[in-house]
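Descriptive structure summary
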Amino acid sequence: MKKSFYSIALGLLAVHMATAQVVPPNPKTKLPPVQLGKDGKLVYNADAQGNKVPDFSTCGYMGADEIIPEVPVRVVVQATNGDATSRIQSALDYVATLPLNEKGIRGAVLLGKGTFEVNGQLVIKAPGVILRGSGMDAAGTVLFAAGTDRETFIHIGNAASATSQVSQIGVENLRCISAYDVSNPKDEAHRWMAITMENVKDAWVRRVTFEHFAGSAVCVLATAARITVEDCKSLAPVSEIGGQRRNTFYTIGKQVLFQRLYAERGYHDFAVGYSPWGSNVFVQCESHLPYSYSGTIEKTASNVLYDVVTIDGNALGFPYNSLIEKEAGPGVRNSVLWQCSAAKALCFQPEGGINWAFGVWATFEGNGSWYDCNEHIKPRSLYYAQLAERIGQPGTDRAHVISFSGVPTTSPTYEMAARLIAEAYEPNVTMSDWIDKVDKTNPIDINTAGIKTIEQTGFKEPVVPAKPIMAMSINNNGWIVCNGKVVTGGKHHIKYWTGNLTPMGIGVAIPHLTRWVPGRTGTGLTDDLQEVANWMDSNHLVALDHNYGLWYERRRDDHERIRRMDGDVKAPFYELPFARSGQDTAWDGLSKYDLTKYNTWYWKRLNRFAQLADENGLVLLHENYFQHNILEAGGHYADYPWRTANNVNHTPFPEPVNYAEDKRIFIAQQYYTLANPAYRELHRAYIRKCLDNFSTNHNVIQLIGAEYTGPLHFVNFWVDMIKEWEQEHHAKPFVALSTTKDVQDSLLADKSRADLVNIINIRFWYYQFDGSLYAPKGGVNLSPRQHARQLRPKPTTFAQAYRGVQEYHSKYPGKAIMCTIEDQDEQDSAIGWAVFMAGGSLADIPVIKAPGFLNAAAAMKPLEAQPAGQYALANENKSFIIYCDSSANSAQVDLTGTNKSFTAAWIDPATGNTLKDNVRIKGGKKITIPKPDANRAVLWIKEKS
């Protein structure tokens, strides 16, 4: 039975009123869930539902059964000038070749004192390899993460695509510092993740200082288990203040122990994400002046312990999930706050579950189970008490937890008061102080005596051979060709909104180029571009059609037009071309955009994929603009960088926005009007950026924009800017005209501009099945689907699709013709063959198994005046490709002009398989060749060799 909105609202209000309390109840009438017994042992008491405080003591390296080992040094790398990436990586790879001992350990790479500039990424993926520095302070080892890339600095473990875990890997005793733009305190064009751990178990990070990273100091991913992170500090992070930033020590792994950590100015400093598998423990950690709470930050987690954790100036705990989140996941359960201090403690319990808070010092919120609040309780640490009971004295010996001196009392003796007065003159011990002293009490071996250096191992700077380029061109017959073959295959259209980071959301995602999830790689996250290229090749997808995201973050997937109350943006992010300014606040809660500065990561990603396209014979269709932002739902425009409220460049649009019916946006006419000189210059610079970014690439086709149904004058401006750039750079990029038919025809009639266009894309118009033309007008400020709702287009057919392509191929023989009719797959599955037979490029036809087919096609042109049901390409009298639809019983070809002998093969147009081979034909007459069956078929005739 569905609840009404009002009953739900009243229920939520009741929960809030019942749980937002200054002091929560301490239920004295029932036994506490856990307490010390008379024998000093922990006593657990289950509730009526059988809920019991979990045993967290198996979290950490080796399930906490063993301490982190002292690993012998096998090779030394000393600091030198220049990029040290290859020297350090080679040292790690060298140790990876050494034999494993009985503990599964090979040895450590020791970095000497000084600063190592690292322009790339360090990867430790072999078991038993440790990276060690010579101290975590400024006088020790400094790894300086240089450059403007967001690439993870140190990755521990196998790649995301691996199916097995490696073990016994560590990073220790050093300082990691990220470069950043010192003029922008919210700069994000630098390293986000210092260390990520993936597909690894029984590993550690200890005694590492982190400075200026935008994302996480340590991020433990879902495929990592039995990890210890200890005695680490995160200082002065640099980023926007918002979601996925400054999640300083973050886990979605299993059996992870974070202990003795210090973080400042973070967002979620000690954070547990989507982690239904548990357990994760934070012991003796301190956060100073964070911008948001520490605790569980996703809707699903279990068996989480915060033990002696201090959050100075913000909240800690297990927040209440909204109604939507409750329906989407089981919530946070079986989790504990133990002897913690925070500005606010959050302890809610999910439906059918429970969470506990013991000895917490804070203000309180939540309907969880609260015990002994604002009191000191025993044991001081639940984790170490549980560990000591499980493994004995070794567990007690490891309990390095700050304890209190003296006996708490409201009636001190005179002697006690005197001592406490003296102590009050000294500042309290902080975790930062504690961590600084660790190396003095328990130093790590950095002795280099008798150890070979990396140079003594025979190290040489690696030389990366240049890969051959598979550059495309347009031949004299108007085909787009690569290595002499006509380029054919499907097209991949990226998603420009929706997505989430749950396993289900990731599982249904499709490849993308500029989707970003910090520290996480894979489809649905930050895609591995080489894997995208491989996926395209294996699926016979030759082109990727890319436009920037409709909006940056997932909260806007609700299509609301509202200003967000904070910057808690949700991933995955669909990145946009422009950089944030670090100034003021845009409607998504992050800083405003600067349209004169560009998102370094976004453009590097596109350039990298363009390089892969060159190497693999793929094509990037680069849509310069995306019209969807300025038409239809008002939410499309809410976070748009060009909106006046979202940039520091004062774009000339009205604010507040006058949404039609308080819902729709009709800003396109203003957007395409370039009367304002400063506004016009922003577009000029942006178009030039689109060209500059691919100036050395070969397989990029520039298009004005996805869904462009705008006016001719803006297309003229776009083409003029490209012409200006070409004249300056003496270069000729591929420029495809992809607009409504009237705008296409008008520009093509303007010879000075038409000469710059080398590809015509038929996308927003076509001939319908009855021969009539579906051709919306450009510049009337309606989107493609809004046009369709007015004009109600009818499907096309093979013959009519052929007609459209053939007309333009005949009229503009020097230009390549593409046809990417919207939803063409729903109209006729054979449209790709219609495009191909009419001489169109990038036609979506299957892989043809017969060798040489596409090479032969490159020399052919369409033949007119064919028999009914037949379409033909020919290279004079040398070779032919004939497509026969199901109405034709045979293929007919006129060979009266030649006496040569030919061979022919019948090909299945649906699969590309050869149906019948070695059909012998003699020229000198008209030939009729029966089809192998009644279905569609393609006949390839070539001269007999």
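Starting from 1, residues in each chain are numbered consecutively following that chain's sequence as written. Per-residue local features are limited, in this predicted model, to residues with pLDDT of at least 70; the limit for side-chain atom pairs, both in listing and counting, is 80 or more; totals at the level of whole chains, interfaces and linings are taken over all residues. Hydrogens and water are ignored here; the side-chain numbers use all heavy atoms of the structure.

As recorded in an unreviewed UniProt entry, the protein chain goes by DUF6298 domain-containing protein and comes from Niastella yeongjuensis.

1. Considerations on the domain arrangement of the protein chain
In plain terms, the rule: Note that domain bounds follow an automatic or database assignment of domains.
Under the domain assignment, the protein chain is made up of domain 1 (65-240 + 432-452), domain 2 (246-404), domain 3 (472-838) and domain 4 (863-943). Domain 1 and domain 4 are separated by 65 Å when their C-alpha centres are compared.

2. Notes on the sheet that holds strand β53 (residues 914-922)
Heads up, the rule is: Pairing between strands is defined by DSSP: at least two bridges between the two strands are required. Numbering of helices and strands runs from the N terminus; a helix is a DSSP stretch of H or I covering at least four residues, while a strand is a stretch of E covering at least two. Helix axes are fitted only over the stretch in contact, all axes being lines through C-alpha atoms; the angle between N-to-C directions runs from 0 to 180 degrees.
With respect to topology, six strands assemble into an open sheet ordered β48-β49-β50-β55-β52-β53, the strand pairing being antiparallel. Of all strands in the sheet, those bounded by a partner on one side alone are β48 (861-863) and β53. Strand after strand, the sheet turns through a mean of 20° between neighbouring axes, direction not considered. Of the strand pairs in this sheet, strand β49 (residues 870-875) and strand β50 (residues 879-884) are connected by six bridges, and their pairing is antiparallel. Looking across to β50, one finds that Gln870 is bridged to Cys884.

3. A closer look at the sheet that holds strand β39 (residues 619-626)
Applied cut-off: Residues are treated as being in contact if the distance between any of their heavy atoms lies within 4.5 Å.
Across the sheet, which stays open at both edges, the seven strands sit in the order β33-β35-β39-β42-β43-β44-β47 with parallel pairing between neighbours. At either end of the open sheet lies a strand with only one pairing partner, and these are β33 (490-493) and β47 (816-819). In this sheet, neighbouring strand axes are inclined to one another by 25° on average, regardless of whether the strands run parallel or antiparallel. Of the pairings in the sheet, the one linking β33 to strand β35 (residues 541-546) comprises four bridges and is parallel in character. Within β35, the residue paired with Lys491 across the bridge is Ala543. In the packing of helix α14 (residues 712-729) onto the sheet, contacts are made with β39, β42 (700-706) and β43 (734-737), and the angle to β42 comes to roughly 155°.

4. Describing the packing of helix α13 (residues 677-692) against α14
Inclusion rule: Roughly parallel refers to an angle under 35 degrees, roughly antiparallel to one over 145, roughly perpendicular to one between 65 and 115, and oblique to any angle outside these ranges. In a left-handed crossing the near helix is turned counterclockwise from the far helix by less than a right angle, and in a right-handed crossing that turn is clockwise.
The N-to-C vectors of α13 and α14 enclose an angle of 55°; their axes lie 10 Å apart at closest approach. On the basis of their axis angle, the class for α13 and α14 is oblique. In the crossing of α13 with α14, the sense of the turn from one axis to the other is right-handed. Along its contact with α13, which presents Arg680, His683, Arg684, Ile687, Arg688, Leu691 and Asp692, the element α14 presents Phe714, Phe717, Trp718, Met721, Ile722, Glu724, Trp725, Glu728 and His729.

5. Description of the nonpolar core
Spelled out, the test is: In these notes, a set of buried Ala, Val, Leu, Ile, Met, Phe, Trp, Tyr and Cys residues joined through side-chain atoms within 4.5 Å is what counts as a nonpolar core. Residue exposure (1.4 Å probe, protein chains only): buried if accessible area is under 20% of the type maximum, exposed if over 50%, otherwise partly exposed.
Counting 134 residues, the largest nonpolar core has Trp833, Phe836, Phe853 and Ile881 as the members making the most contacts within it. If sequence neighbours within four positions are ignored, Phe853 has contacts with Trp833, Phe836, Ile848, Ile881, Ile907, Val938 and Trp940. With 72 residues, the next largest nonpolar core counts Leu131, Ile156, Val200 and Val272 among its residues.

6. With respect to the packing of aromatic side chains
What describes a pair of aromatic rings is the distance from one ring centre to the other and the angle between the planes of the rings. Just so we agree on the cut-off: By convention, a stacked pair of Phe, Tyr or Trp rings (six-membered ring in the case of Trp) has centres within 6.5 Å and planes under 30 degrees apart, an edge-to-face pair has planes over 60 apart, and any other such pair is tilted. Over a ring means this: the NZ of a Lys or the CZ of an Arg is within 6 Å of the ring centre and within 35 degrees of the ring normal.
Under the counting rule described, the total for this entry stands at 56 aromatic pairs. Sitting over the ring of Phe573, Arg245 keeps its end group 5.4 Å from the ring centre. Positioned above the aromatic ring of Tyr767 is the side chain of Arg803, whose terminal nitrogen or guanidinium carbon lies 3.6 Å from the ring centre.

7. Some remarks on the pairing of strand β9 (residues 141-145)
Among the five residues of β9, four are classified as buried, and the element is accordingly described as predominantly covered. The sheet contact formed by β9 and strand β12 (residues 170-178) spans four bridges and is parallel. In the strand pairing of β12, Val142 is matched with Arg175.

8. So, unusual backbone geometry
Between Lys378 and the following residue, Pro379, the backbone shows a cis peptide bond with an omega angle of 0°. For Pro379, the position within the fold is in the loop between β29 (369-371) and α4 (382-391). The omega torsion across Ala571 and Pro572 is 5°, close enough to zero to call that bond cis. Here the phi dihedral of Asp372 falls at roughly 55°; this positive angle occurs in a residue that is not glycine. With respect to the element layout, Asp372 can be found in the loop between β29 and α4.

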